[in-house]
Amino acid sequence: MSDARSILRLYDHARANGFSVVLATVLRTFGSTYRKAGARMMLCADGSRVGVVSGGCLEGDVTRRAWFLKAVNEAELIRYDTGSGDDATYEFGLGCRGVVDVLIERLDLVNEPNVIRMLRESVAERASQTLRIDLSSIPMAGGESIETPSGDYVEEIRPPTQLLIFGSGADVPPLVHFARELGWSIIVVDHKLPRSMVDAGVNYLSSAAGEWTRQVNVDGQTACVFMTHRMKDDAAYLADALLTTSSFLGCLGPATRTEALIDELALAGVILSDSDRQRIRAPVGLDLGAERPQEIALAIIAEVAASMSGTSGGPLCAREGPIHGIAPTRQDLTRPSRTATPQT
């Protein structure tokens, strides 16, 4: 979902200028692959491109195949099998030893396609959408077909991570920078924001505690980070956030400062339950030995990303099993896998 905004911007650009546009979507993977199901890349006839479907090894071939689709709504399925042992696999320079099923489709610029509508609603309304694609009539490169138990591809399109930053100090811009690079929704809240705080794609709210919750849709994909550097303000904003469904509440600074925040709340009559305390991450951020604002921002962003993906944030070399969780077995791929031959 991190590419959703970029894809929507490019689609709107193509529609406004009458450029053809093609969308490539990873439908399913097996084994070791760089991207997983739901990864998207959009190609525009003016040469613009956003998103990736691999680590850079498949993009060239996907691009060449894309422009063979001449008709609106024309589509093709491609299976890239880097574990088949076929010599053709090495033409892609792949070393992942996995299978990637990719759907390529030329999009309608007059009648907005279902996938674009759902991406748009997911971003604008912060609501999950269920995308279904009937694969039964879509040809596969080489004449075969990719079968699924239902004949459909089903994907839950979730809204992008939303980052709420409370504060306006010098350590906020680096955090905004990293979050924007990840395609997250970003809202900066403080009761008095400097005029210099203007950044594309960021929503700035000059709002005091008790007011901002009426302006922001906070959900389970929302992370809150409290870094006003003012004890009373951090405590007040934290009290507000505890009443929301935010899944991540991070307090900047040492644990002793957060305990002081909690004491501040207790004096105001706000008593935290054990479950409330467990929601608070203090000090916020992974242990990267961070000192500079940029390093601290990286540590915070890394912990938020790990939390949203349901992982520990530890080193990958210590992880047992697949990097991306449970992948389908080769038996789950109901057709014998074949390697796509590069278009020339």
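Remember, predicted model here, so these are calculated numbers, not experimental data. (Residues numbered from 1 in each chain as written. Predicted model: local features only at pLDDT ≥ 70, side-chain atom pairs only at ≥ 80, totals over all residues. Heavy atoms only, no water.)

On to the overall build of the chain. On a plain count of helices and strands, the chain comes out with eight helices and 13 strands. Classification of the 344 residues of the chain by burial places 45% in the buried group. Partitioning the intrachain contacts of the chain with sequence separation of at least 6 by distance along the chain shows that 66% fall at a separation of at least 24. Counting every atom, the chain has about 16,600 Å² of accessible surface; 51% of that belongs to carbon and sulfur. (Helix = DSSP H or I, 4+ residues; strand = E, 2+ residues; numbered from the N terminus. Buried < 20%, exposed > 50% of the residue type's maximum accessible area, 1.4 Å probe, protein only. Contact = heavy atoms within 4.5 Å. Areas by Shrake-Rupley, 256 points an atom, 1.4 Å probe, with all protein chains shown as cover.)

Pairing is parallel across the open sheet formed by six strands, whose spatial order is β10-β9-β8-β11-β12-β13. Each edge of the sheet is formed by a strand with only one pairing partner; in this case those strands are β10 (202-206) and β13 (280-281). Two elements, strand β11 (residues 222-226) and strand β12 (residues 248-251), share four bridges in a ladder whose sense is parallel. Within β12, the residue paired with Phe226 across the bridge is Cys251. (Pairing = 2+ DSSP bridges.)

What follows is about the side chain of Ser185. As for its position among the elements, Ser185 is in strand β9 (residues 185-190). The exposure class of Ser185 is buried, given its relative accessible area of 9%. Separated by 2.3 Å, the side chains of Ser185 and Arg5 make a polar contact. Those residues in contact with Ser185 that sit more than four places away from it in its chain are Arg5, Arg126, Pro160, Thr161, Gln162 and Leu163. (Polar contact = N/O pair within 3.5 Å; in protein donor to acceptor, adjacent residues only side chain to side chain.)

Here the focus is the confidence of the model for the chain. Low-pLDDT portions of the prediction should not be read for the details of their coordinates. Looking at the chain as a whole, the pLDDT averages 86, with 85% of positions reaching at least 70. Here residues 326-344 scores under 50 on pLDDT; set against residues more than four positions off or in separate chains, the count is 55 contacts. (pLDDT = per-residue confidence, 0-100.)

It is worth spelling out the side chain of Gln221 at this point. The residue Gln221 is located in the loop between β10 and β11 in this model. Among the polar contacts made by the side chain of Gln221, one reaches the side chain of Arg158 at a distance of 3.4 Å. If we ignore the near neighbours within four places in the chain, the residues touching Gln221 are Arg126, Arg158, Pro159, Pro160, Thr161, Gln162 and Met308.

We now examine the pairing of strand β5 (residues 98-106). In terms of residue burial, β5 counts as a mostly covered element, since nine of its nine residues are buried. Side-chain alternation along β5 places Gly98, Val100, Val102, Ile104 and Arg106 on one buried face and Val99, Asp101, Leu103 and Glu105 on a second face that is also buried.

What follows covers the packing of helix α1 (residues 4-17) against helix α3 (residues 114-125). One way to put it is that α1 packs onto α3 with a least axis distance of 10 Å and a crossing angle of 125°. Viewed along their axes, α1 and α3 adopt a mutual orientation that is oblique. Of the two elements, α1 crosses α3, and the hand of that crossing is left-handed. Along its contact with α1, which presents Ala4, Arg5, Ile7, Leu8, Tyr11, Asp12 and Arg15, the element α3 presents Ile116, Leu119, Arg120 and Val123. (Axes fitted to C-alpha atoms, helices over the stretch in contact; angles between N-to-C directions. Parallel < 35°, antiparallel > 145°, perpendicular 65-115°, else oblique. Left-handed = near helix turned anticlockwise from the far one by under 90°.)

Along an α-helix, a turn takes 3.6 residues, which lines up residues three or four apart on a common side. The end-to-end C-alpha separation of α3 is 16 Å, in line with the 16 Å expected for 12 residues at 1.5 Å each. The first or second residue beyond α3 is Arg126, which carries a positive phi of 50°. (Expected span 1.5 Å × (residues − 1).)

Turning next to the pattern of salt bridges. For the structure on display, the rule yields 20 salt bridges. For the salt bridge of Arg64 with Asp61, the shortest nitrogen-to-oxygen distance reads 3.8 Å. Of this pair, Arg64 and Asp61 both sit in helix α2 (residues 59-66), separated by three residues, roughly a single helical turn. Across the pair Arg117 and Glu121 runs a salt bridge, and its minimum N-O distance is 3.2 Å. Pair noted here: Arg117 and Glu121 are both in helix α3, with a separation of four residues, about one helical turn. Look at Arg117 and you get partly exposed, because its relative accessible area is 33%. Taken together, the shared-partner salt bridges in this structure form one network comprising Asp12, Arg15, Glu112 and Arg120. (Salt bridge = Lys/Arg side-chain N within 4 Å of Asp/Glu carboxyl O.)

Take the environment of Asp101 next. Within the secondary structure, Asp101 sits in strand β5. Between the C-alpha atoms of Asp101 and Tyr80, which are 21 residues apart in sequence, the distance is 6.4 Å. At 2.6 Å, the side chain of Asp101 and the side chain of Arg79 are in polar contact.

Turning to unusual backbone geometry, a few remarks are in order. Following Ala282, the chain continues into Pro283 via a peptide bond in cis, with omega recorded as -5°. Among the structural elements, Pro283 can be located in the loop between β13 and α8 (293-309). With a phi angle near 75°, Asn73 is a residue other than glycine that sits in the positive phi range. Take Asn73: it is sitting in the loop between α2 and β4 (75-81). The exposed category is assigned to Asn73, whose relative accessible area is 54%. Of note in the backbone geometry, Arg126 takes a positive phi value of approximately 50° without being a glycine. Along the chain, the position of Arg126 falls in the loop between α3 and β6 (129-134).

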